[in-house]
Amino acid sequence: MADPLDLLEPADRRLARDVLAHDRRALAKAITLLESSRADHRARASAILAALLPRSGGAFRLGVSGAPGAGKSTFIESLGLHLLGLGHRVAVLAVDPTSAISGGSILGDKTRMERLSREEGAFIRPSPSGGLLGGVAHGTREAMLVCEAAGHDVVIVETVGVGQSETAVAGMTDCFALVALPNAGDDLQAIKRGIVELVDVVAVNKCDIDPAAARVAATQIENALAMLRPHEPGWTVPVVAVSALRQQGIDEFWGQCLRFRARLEASGALAAKRRRQALDWMAAIVDHELQARFHAHPAVKREIGALREKVAEGAMTPAAAAAALLAAASV
Ligand code: GDP
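Residues numbered from 1 in each chain as written. Predicted model: local features only at pLDDT ≥ 70, side-chain atom pairs only at ≥ 80, totals over all residues. Heavy atoms only, no water.

Lay out the packing of helix 13 (residues 298-313) against helix 14 (residues 318-329) in plain terms, naming residues and giving numbers.
Axis separation between helix 13 and helix 14 bottoms out at 10 Å; the angle between their running directions is 175 degrees. Taken together, the axis directions place helix 13 and helix 14 in an arrangement best described as roughly antiparallel. Counting all contacts with helix 13, which are made through A299, V300, E303, I304, L307 and V311, the residues of helix 14 involved are P318, A321, A324, L325, A328 and A329. For the contact of helix 13 with helix 14, the per-class residue count stands at 11 nonpolar, no polar and one charged. (Axes fitted to C-alpha atoms, helices over the stretch in contact; angles between N-to-C directions. Helix = DSSP H or I, 4+ residues; strand = E, 2+ residues; numbered from the N terminus. Parallel < 35°, antiparallel > 145°, perpendicular 65-115°, else oblique. Contact = heavy atoms within 4.5 Å. Nonpolar A, V, L, I, M, F, W, Y, C, P; charged D, E, K, R; others polar.)

Can you break down the packing of helix 1 (residues 10-20) against helix 2 (residues 24-35) residue by residue, with the values?
Where helix 1 meets helix 2, the closest approach of the two axes is 8 Å, and the angle between their N-to-C directions is 125 degrees. The orientation of helix 1 with respect to helix 2, classified from their angle, is oblique. Once helix 1 is placed against helix 2, the crossing between them reads as left-handed. Residue-level contacts link L15, D18 and V19 of helix 1 to A26, L27, K29, A30 and L33 of helix 2. By residue class, the composition of the contact of helix 1 with helix 2 is six nonpolar, no polar and two charged. (Left-handed = near helix turned anticlockwise from the far one by under 90°.)

Report on the site of the ligand, specifying residues and quantitative values.
Among the 16 residues in the neighbourhood of the ligand, the closest are listed as G69, K72, T74, R112 and D208. Contacts to the ligand include G71, whose backbone N or O atom sits 2.9 Å from an oxygen atom. S243 places a polar side-chain atom, nitrogen or oxygen, 3.2 Å from an oxygen atom of the ligand. In the complex, the protein chains occlude 72% of the 570 Å² of accessible area that the ligand would expose alone. In terms of residue class, the shell around the ligand is made up of six nonpolar, six polar and four charged. (Near = heavy atom within 4 Å. Polar contact = N/O pair within 3.5 Å; in protein donor to acceptor, adjacent residues only side chain to side chain. Areas by Shrake-Rupley, 256 points an atom, 1.4 Å probe, with all protein chains shown as cover.)

Help me get a handle on the sheet that holds strand 5 (residues 175-180), residues and values and all.
Strand order in the open sheet formed by seven strands is 3-2-4-1-5-6-7, and the pairing between neighbours is parallel. On the outer flanks of this sheet lie strand 3 (122-124) and strand 7 (239-241), each paired with one strand and no other. Each strand of the sheet is rotated relative to its neighbour by a mean of 20 degrees, with strand direction disregarded. Bridge count between strand 1 (residues 60-66) and strand 4 (residues 154-160): seven bridges; the pairing is parallel. Bridge pairing in strand 4 links V64 to E158. In the packing of helix 10 (residues 211-226) onto the sheet, the strands contacted are strand 5, strand 6 (201-204) and strand 7, and the crossing angle to strand 6 comes to about 155 degrees. Sitting on the sheet, helix 11 (residues 250-267) is in contact with strand 1, strand 4, strand 5, strand 6 and strand 7, with an inclination near 125 degrees to strand 1. (Pairing = 2+ DSSP bridges.)

Shape is all these values report; function is a separate question.
Structural data, given as structure tokens:
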């Protein structure tokens, strides 16, 4: 069978080969192409991605979430440096639900992860600011594949603990971690709020400030989690006290992540999880694309305003208005 790389245009083939040769600039360029809203860029990116796909999939995909200020970026930097020390190559990506609105980015601030970004084996990419096929999270998913092809064997996807972004990140990673704070109140709330269905490992950060309080918080969170049905059968979510600032507990945290993934791998659950994630991703792109086409349809644009008003005034049922719009768009 022909190597899919040979089917690319010469410039794109060069770019793909440079990505495979671990060239960070080529990696950044390929991701920029993926994030572009220009149709010709997207077509090129899609061909490059198809060629790189057989070389992807080799990373430990780790999701990291937590409230703003919990210390996620400090933690990821510490973990990243630790992993580089173990001989890994680390990529850090982000899903930021606020960036699509504000145009900003959680990793946009250059001072974040400054030390890690200077390391040869690390690649850090702020989240794209919207306008992508399938939304922000899809850009990140695709970037993850390119990072893997570029030899990054640990890909960390960061997100802030708001909205649907946690679900999106849990839906693209092998292991999902929560960075919590010792003042457990807020984090217990987060756990109740539904993150418990997603989280595989918890790090209670800033344990250097008050080690005793951190231990209490870790136990409280552990107990709260133990009362709930585990989402991964037989897996008790470990809660590790860490100090991202002082690099304490990072090795133990990583050990728990490895233990979790090894367990998934041994039972065949990892392959099943990734297959499910790929299918969900496909479905999400179709949904997103259908919506985009619907809203871009001239008949919908023409009629939606009046129909919305009728529904708001009670002159028409929502179902009837929706049916009229769908008929107009012929979807
Ligand atoms: P993020 O918003 O979750 O990414 O949080 P940051 O990583 O930006 O950290 C927020 C603040 O907490 C910064 O001032 C950090 O220096 C501080 N911080 C992070 N980790 C630790 C830690 O382990 N110990 C202490 N004492 N401070 C920390």
